[in-house]
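Listed here are the chains, written in short residue letters.
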Amino acid sequence: MHADLQGSLEQVHKTWWFWEHRGKALSKDQVIKILSYGLDKGYKYSDQFSNEEVDEILGWTKENEKWDLA
């Protein structure tokens, strides 16, 4: 996905349900956390994140089985 982070954050209350990571739906709070992190880091678009970076932001690890690489 190639979404504008600032615009997405401004519209998050209308569009948060659209966001997912590794095939899992995200909560509004998780989306806000990701968008805010990206803006703080100087990112402009969602495709600037790596999957591993989003995993870290969300605290997802293979050990806690939030996602599966298989």
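The preceding data block contains the structure.
Residues numbered from 1 in each chain as written. Predicted model: local features only at pLDDT ≥ 70, side-chain atom pairs only at ≥ 80, totals over all residues. Heavy atoms only, no water.

(A) Layout of unusual backbone geometry. Here the phi dihedral of Arg22 falls at roughly 55°; this positive angle occurs in a residue that is not glycine. Residue Arg22 is classed as partly exposed on the basis of its relative accessible area of 28%. (Buried < 20%, exposed > 50% of the residue type's maximum accessible area, 1.4 Å probe, protein only.)

(B) Structural detail: the nonpolar core. Core analysis: the biggest nonpolar cluster contains 14 residues, and Trp19, Leu26, Val31, Ile34, Leu35, Phe49 and Leu58 have the highest contact counts within it. Breaking this core down by element, the ones donating at least two residues are helix H3 (28-41) and helix H4 (51-58). (Core = buried A, V, L, I, M, F, W, Y, C linked by side-chain atoms within 4.5 Å. Helix = DSSP H or I, 4+ residues; strand = E, 2+ residues; numbered from the N terminus.)

(C) View of the environment of Asp4. Considering the arrangement of structural elements, one finds Asp4 in the segment before helix H1 (5-10). Considering only alpha carbons, one finds Asp4 and Leu39, 35 residues apart in sequence, at a separation of 10.0 Å. Discounting chain neighbours no more than four positions away, the residues touching Asp4 are Lys44 and Tyr45. In terms of polar contacts, Asp4 uses its side chain to reach the backbone amide nitrogen of Gln6, at 3.3 Å. Within the local environment of Asp4, its side chain forms a polar contact with the backbone nitrogen of Gly7, the two atoms lying 2.5 Å apart. (Contact = heavy atoms within 4.5 Å. Polar contact = N/O pair within 3.5 Å; in protein donor to acceptor, adjacent residues only side chain to side chain.)

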